[in-house]
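Given next are the chains, with one letter for each unit.
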Amino acid sequence: MPEPDPDRPEHPEEHGYDPVGPRPREAMSPTGQGGAMDLALQEAESVEGIEKVTGSGPGGPGPRERARSLWSDAWHQLRRNPVFILSALLILFLVVIAIWPQLIASGDPLQCDLSKSQQGSAPGHPFGYDTQGCDVYTRTVYGARASITVGVCATLGAALLGSLLGGLAGFFGGWGDALLSRVADIFFGIPVVLGGLVFLSVVTSTTVWPVVGFIVLLGWPQIARIARGSVITAKQNDYVQAARALGAGNGRMLLRHVAPNAIAPVIVVATIALGTYIALEATLSFLGVGLRPPTVSWGIDISNAATQIRNAPHMLLYPAGALSLTVLAFIMLGDAVRDALDPKLR
């Protein structure tokens, strides 16, 4: 007669013990014979290990394995890109001195002394003086305000107008899309510099807004074409078709599903175009049809120094260097953002 099992209760039904049910997993051990029980145990341990690592068990995905969105993934990559960090810090510095130039320049950019005309570096005036005897360092610092203002305002205006027109044309199509394409082709055929000479030569204002308006007028077709193509691609995705099948209206689909997934190329193009618009403002000011005195601008200072480049090269070196550095910073920022938002470039 077999001896009683001490771990087994005398009356199983009183203790809720199922004599034919499976024992707890910790009480089970491999037999070492390679049979079905050993195979089942190995599979169970493998599944349990995968659930612990990926967090895909009954509790749902763990915080470390949650899928990142396009924007969070792009920010994750940008934080590790030295080009982005360097260009962002430089742009932040330029924006700060454009808003508060008094932080690093205590002089007046319009205060000049003809007795110091074209003199070189002096104590308290590290960049020397220009033809009118004005401090080149102070004018270089204050010149950032006009250039940054024109670049940012023109980029915002062109991006908003181009995104609105291009997005609507790409989403609805039809005759509106065809009309926008033909109008954009007309603006693409206008030479930028020649158009600026014609348009701005009749403007007498000395503020930045005529230049901003001209750049927006010729800059929106590029943004519109990018937005149109991006919206056409986004509206063909399955989630947009599913939203349409569920009865979502055009406004909801455009704002909630299409626009958030089509805005990335517009941001990239607008960021790169910002540096181009700053260079365009300096070009128009150099030609005498952009910003005009008494506005302080890098393009005006470069134009005044061009005829004296042999006698006083410092008059040209510093404002031209500041302009080149600013344009380079925005182009580098745009390239870094493009690499982060385009999965094909990773």
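Residues numbered from 1 in each chain as written. Predicted model: local features only at pLDDT ≥ 70, side-chain atom pairs only at ≥ 80, totals over all residues. Heavy atoms only, no water.

Draft legend 1. Region of interest: the overall build of the protein. Helix and strand content of the protein: 12 helices and zero strands. Mapped from its N terminus to its C terminus, the protein presents α and β elements in the order α-α-α-α-α-α-α-α-α-α-α-α. Put simply, of all contacts in the protein between residues at least 6 apart along the chain, 65% involve residues at least 24 apart. Total accessible area on the protein is roughly 20,400 Å²; 63% of this is exposed by carbon and sulfur atoms. (Helix = DSSP H or I, 4+ residues; strand = E, 2+ residues; numbered from the N terminus. Contact = heavy atoms within 4.5 Å. Areas by Shrake-Rupley, 256 points an atom, 1.4 Å probe, with all protein chains shown as cover.)

Draft legend 2. Structural context of the confidence of the model for the protein. With 79% of its residues at a pLDDT of 70 or more, the protein shows a mean pLDDT of 81. Every residue in residues 47-63 is under pLDDT 50, and counting partners more than four places away or in other chains gives 14 contacts. (pLDDT = per-residue confidence, 0-100.)

Draft legend 3. Expanded view of a nonpolar patch on the surface. Taken together, Val-192, Val-193, Leu-194, Leu-197, Val-198, Phe-286 and Leu-287 make up a surface patch of nonpolar side chains, about 560 Å² in accessible area. Of all the elements, helix H6 (residues 192-200) adds the most residues to the nonpolar patch, at five residues. Within the secondary structure, Leu-287 is located in the loop between helix H10 (264-286) and helix H11 (298-305). (Patch = residues over 30% accessible without salt bridge, like charges linked within 9 Å, V, L, I, M, F, W, Y side chains within 5 Å. Salt bridge = Lys/Arg side-chain N within 4 Å of Asp/Glu carboxyl O.)

Draft legend 4. Spotlight on helix H4 (residues 136-172). Helix length check: H4, at 37 residues, gives a terminal C-alpha distance of 53 Å against a target of 54 Å (1.5 Å per residue), a fit within 8%. The N-capping residue of H4, defined by a side-chain oxygen 3.4 Å from the backbone nitrogen of Tyr-137, is Asp-135. Positive backbone phi, at 65°, marks Gly-173, one or two positions downstream of H4. (Expected span 1.5 Å × (residues − 1). Polar contact = N/O pair within 3.5 Å; in protein donor to acceptor, adjacent residues only side chain to side chain.)

Draft legend 5. Spatial organisation of the packing of H6 against helix H7 (residues 209-234). Running from N to C, H6 and H7 point in directions that differ by 135°, and their axes come no closer than 11 Å. In terms of orientation, H6 and H7 fall into the oblique class. Crossing handedness for the pair H6 and H7: right-handed. Within the contact between the two elements, H6 uses Val-192, Gly-195, Gly-196, Phe-199 and Leu-200 and H7 uses Pro-210, Val-211, Phe-214 and Leu-218. When its residues are assigned to classes, the contact of H6 with H7 shows seven nonpolar, two polar and no charged. (Axes fitted to C-alpha atoms, helices over the stretch in contact; angles between N-to-C directions. Parallel < 35°, antiparallel > 145°, perpendicular 65-115°, else oblique. Left-handed = near helix turned anticlockwise from the far one by under 90°. Nonpolar A, V, L, I, M, F, W, Y, C, P; charged D, E, K, R; others polar.)

Draft legend 6. Structural detail: the packing of aromatic side chains. Going through the model one piece at a time under the given rule, you end up with six aromatic pairs. Both rings, one in Phe-187 and one in Trp-220, keep their centres 5.6 Å apart while their planes meet at 65°; by these two values the pair is edge-to-face. Taken together, the residues Phe-187 in helix H5 (residues 174-188) and Trp-220 in helix H7 connect sequence positions 33 residues apart. Joined through ring pairs, the aromatic side chains of Phe-127, Tyr-137 and Tyr-318 make up one cluster. (Phe/Tyr/Trp six-rings, centres within 6.5 Å; stacked < 30°, edge-to-face > 60°.)

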